[in-house]
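Below, each chain spelled out in residue letters.
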Amino acid sequence: QLEESGGGLVQAGGSLRLSCAASGIIFSINVMGWYRQAPGKQRELVAVMTSGGSADYADSVKGRFTISRDNAKATAYLTMNNLKPEDTAVYYCNAEIRGIKGTTNSWGQGTQVTVSS
């Protein structure tokens, strides 16, 4: 199970930090990432990070967003700086979790990020 937190309303140029905590019996988590979906648009990748720390970002957020992980806490973070109105979306956490029942691809419930101009 994944639970996100940290969304909210912020003015353009502001910052937010999202958190995603995995719970349950977890043997390991390979990839953790953040996706977003704006109204009327498809869900898109924002940033992903492997358990080894290798990260990849969408071109639209490079230099502004930073993904990080605390593997001991099974938690991922997304630090978002210099936010723009076009960053407004529901942000979803995703993770490949290896547990008792094997490896599952899990999604959080989403957290709303709204950036006002």
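Here, every reference points to the structure presented above.
Residues numbered from 1 in each chain as written. Predicted model: local features only at pLDDT ≥ 70, side-chain atom pairs only at ≥ 80, totals over all residues. Heavy atoms only, no water.

J.: Pulling in residues and values, what's your account of the side chain of Glu-4?
T.: Summarising the element assignment, Glu-4 is placed in strand S1 (residues 2-5). Although Glu-4 lies buried, it forms no salt bridge, and the closest oppositely charged side chain, Arg-43, sits 7.6 Å away as judged by the N-O distance. Within the structure, Glu-4 has its side chain in polar contact with the backbone nitrogen of Gln-109 (distance 3.0 Å). Engagement of the side chain of Glu-4 in a polar contact is seen with the backbone nitrogen of Gly-110, the distance being 2.7 Å. (Helix = DSSP H or I, 4+ residues; strand = E, 2+ residues; numbered from the N terminus. Buried < 20%, exposed > 50% of the residue type's maximum accessible area, 1.4 Å probe, protein only. Lys, Arg positive; Asp, Glu negative; His and termini not counted. Salt bridge = Lys/Arg side-chain N within 4 Å of Asp/Glu carboxyl O. Polar contact = N/O pair within 3.5 Å; in protein donor to acceptor, adjacent residues only side chain to side chain.)

J.: Outline unusual backbone geometry, supporting the account with residue identities and numerical values.
T.: Although it is not a glycine, Ala-74 sits at a positive phi angle of roughly 50°. Checked against the element boundaries, Ala-74 lands in the loop between strand S7 (65-70) and strand S8 (75-80). On the basis of relative accessibility, which here comes to 13%, the residue Ala-74 falls in the buried class. We note that Asn-82 has phi near 50°; this positive angle belongs to a residue other than glycine. With respect to the helices and strands, Asn-82 occurs in the loop between S8 and strand S9 (89-99). What makes Asn-82 partly exposed here is its relative accessible area of 42%.

J.: Please give an account of the side chain of Thr-111 that cites residues and values.
T.: With respect to the helices and strands, the residue Thr-111 is situated in strand S11 (residues 111-116). Residue contacts for Thr-111: discarding those within four places in its chain leaves Glu-4, Gly-7, Leu-18, Ala-89, Val-90 and Tyr-91. (Contact = heavy atoms within 4.5 Å.)

J.: A description of the packing of aromatic side chains should follow, citing residues and the corresponding values.
T.: Using the criterion set out here, one finds one aromatic pair in the structure. Here Tyr-35 and Trp-107 contribute two aromatic rings whose centre-to-centre distance is 5.1 Å and whose plane-to-plane angle is 65°, an arrangement assigned as edge-to-face. With Tyr-35 in strand S4 (residues 26-37) and Trp-107 in strand S10 (residues 102-107), this pair connects stretches of sequence that are 72 residues apart. For Tyr-35, a relative accessible area of 22% corresponds to the partly exposed category. In this structure Trp-107 comes out as partly exposed when scored by relative accessible area, which is 37%. A cation over an aromatic ring shows up here: Arg-43 above the ring of Tyr-92, its NZ or CZ 3.7 Å from the ring centre. Across the ring face of Trp-107, the terminal group of Arg-43 is positioned such that the distance to the ring centre comes to 4.6 Å. (Phe/Tyr/Trp six-rings, centres within 6.5 Å; stacked < 30°, edge-to-face > 60°. Lys NZ or Arg CZ within 6 Å of the ring centre and 35° of its normal.)

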